[in-house]
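Summary of structural features
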Amino acid sequence: MLAGCANIAATPPGTPLAQVEARFGAPTLQCTDRQGRERAVWSQQPFGQHAWGATVDAQGRVGPIQPLLTDEHFQVLKQGVWTAEQVRCEFGPPAIIDTAGLPNVRQIVWSYRYKQDHVWNSLMYVFMGRDGAQVTKFHPGPDPMYDQDSQLPRM
């Protein structure tokens, strides 16, 4: 896990990526974003509820490091068409990859653990269509991992 993750977002823009890695560990993922820029993502998935991301310039310096798993940031999925690889590069790897729906409308669903409204233990369900190629819709729901009733024996 990332040491001192609560402070990674306080890293000043322009800090060398190597210095960020020395303090917080290697990014979970490095990729090319939708605009063709290098991107680094530090994620606590599959069991944590936070991820941070930043662009990295040609000199290896990070831009602002921003929280990714927020209701506000998930709204970027409304802008244009998002492929599975673009979603992974924007938010990091999902906590869960599963399917949902009846057989004739079954879709692949990526689920990200996060705090809905910065309070509620939730999953953001990102539906990727039947073939898993691109986002068709997304919405939050409760995270069953935190459901106390499901952990109690039934009588």
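Here's a quick rundown of the structure.

Time to look at the layout of surface pockets. Taken as a whole, the largest pocket holds about 230 Å³ of empty space. Lining the largest pocket are 15 residues, with Gln 35, Arg 37, Arg 39, His 73 and Glu 90 positioned closest to its centre. For the lining of the largest pocket, the element with the most residues is strand S3 (residues 51-56), which contributes 3 residues. Residues belonging to the lining of the largest pocket are distributed by class as follows: 4 nonpolar, 6 polar and 5 charged.

Further remarks concern the nonpolar core. Phe 74, Leu 77, Val 87, Phe 91, Tyr 112 and Val 126 are the most contacted members of the largest nonpolar core, which has 22 residues in total. Only strand S1 (29-32), helix H3 (84-91), strand S6 (107-116) and strand S7 (120-127) provide two or more residues apiece to this core. Here this core takes 4 residues from H3, the largest share from any one element. In this structure, Val 126 is in contact with Leu 77, Ile 108, Val 109, Trp 110, Tyr 112, Val 135, Lys 137 and Phe 138, ignoring residues within four places of it in sequence. Residues Leu 17, Phe 24, Trp 52 and Val 62 belong to the second largest nonpolar core, which totals 11 residues.

The next subject is the environment of Arg 88. Relative to the helices and strands, Arg 88 is located in helix H3. What makes Arg 88 partly exposed here is its relative accessible area of 22%. Taking the C-alpha atoms as reference, Arg 88 lies 9.7 Å from Trp 110; in sequence the two are 22 residues apart. Contact partners of Arg 88, with chain neighbours within four places excluded, come to Leu 29, Pro 93, Pro 94, Trp 110 and Tyr 112.

Here Gln 49 shows up in the loop between strand S2 (38-43) and S3. Overall, Gln 49 belongs to the buried group, its relative accessible area being 8%. In terms of polar contacts, Gln 49 uses its side chain to reach the side chain of Asn 121, at 2.9 Å.

Our next topic: the side chain of Asp 71. Among the structural elements, Asp 71 can be located in helix H2 (residues 71-74). Although Asp 71 is buried, it forms no salt bridge, and the closest oppositely charged side chain is Lys 78 at an N-O distance of 10 Å. A distance of 2.5 Å separates the side chain of Asp 71 from the backbone nitrogen of Asp 117, its partner in a polar contact. Beyond its immediate chain neighbours, meaning those up to four positions away, Asp 71 contacts Tyr 114, Lys 115, Gln 116, Asp 117 and Met 124.

Phi is mostly negative for residues that are not glycine, and the peptide bonds are mostly trans. The amide bond that connects Gln 45 to the next residue, Pro 46, takes the cis arrangement and shows omega of 15 degrees. Within the secondary structure, Pro 46 is located in the loop between S2 and S3. Phi at Asp 117 is positive, roughly 55 degrees, even though this residue is not glycine. Counting through the fold element by element, Asp 117 comes out in the loop between S6 and S7. Judged by relative accessible area, Asp 117 falls into the partly exposed class, the value being 48%. With a phi angle near 65 degrees, His 118 is a residue other than glycine that sits in the positive phi range. Along the chain, His 118 falls in the loop between S6 and S7. Using a relative accessible area of 55% as the deciding quantity, one classes His 118 as exposed.

A separate point is the sheet that holds strand S4 (residues 66-67). Strand order in the open sheet formed by 4 strands is S1-S2-S3-S4, with antiparallel pairing between adjacent strands. A single partner strand is all that each edge strand has here, and the edge strands are S1 and S4. The pairing of S3 with S4 spans 2 bridges and is classified as antiparallel. The partner of Trp 52 across the bridge, within S4, is Pro 67. Packing of helix H1 (residues 17-24) onto the sheet brings it into contact with S1, S2 and S3, and relative to S2 it is tilted by some 10 degrees.

Rules of the game
- Every chain's residues receive numbers from 1 upward, in the order its sequence appears when written.
- Local features in this predicted model are restricted to residues whose pLDDT is 70 or higher, and side-chain atom pairs enter the listing and the counts only when it is 80 or higher, whereas totals over whole chains, interfaces and linings include all residues.
- The basis for every side-chain value is the complete set of heavy atoms in the structure, and neither hydrogens nor water enter the calculation.
- With a 1 Å grid spanning the protein atoms alone, the term cavity applies to any set of points in which a 1.4 Å probe fits but cannot get out, the term pocket to an open set with protein on both sides within 12 Å along at least five of seven lines, and the term lining residue to any residue with an atom within 4 Å of a point.
- Grid points are joined across faces, edges and corners, and a volume is the space filled by probe spheres set on the points.
- For helices the rule is a DSSP run of H or I covering at least 4 residues; for strands it is a run of E covering at least 2, with both sets numbered from the N terminus onward.
- The residue classification treats Ala, Val, Leu, Ile, Met, Phe, Trp, Tyr, Cys and Pro as nonpolar and Asp, Glu, Lys and Arg as charged. All others, Gly included, are polar.
- Buried residues of nine kinds, namely Ala, Val, Leu, Ile, Met, Phe, Trp, Tyr and Cys, make up a nonpolar core once their side-chain atoms join them within 4.5 Å.
- Classification of residues uses two cut-offs on accessible area relative to the type maximum, computed with a 1.4 Å probe and protein chains only: under 20% is buried, over 50% is exposed, and between them is partly exposed.
- The contact rule is simple, with two residues in contact once any of their heavy atoms fall within 4.5 Å.
- In the analysis that follows, any N or O atom pair within 3.5 Å is treated as a polar contact, provided that within protein one partner can donate a hydrogen and the other can accept it, and provided that, for residues neighboring in sequence, both atoms belong to side chains.
- In summary, the charge assignment counts Lys and Arg as positive and Asp and Glu as negative, without counting His or the chain termini.
- Throughout this description, the term salt bridge denotes a Lys or Arg side-chain nitrogen within 4 Å of a carboxyl oxygen of Asp or Glu.
- Any two strands with at least two DSSP bridges between them are considered paired.
- Lines are fitted to the C-alpha atoms to define the axes, a helix being fitted only along its stretch in contact, and any angle between axes, read from their N-to-C directions, falls within 0 to 180 degrees.

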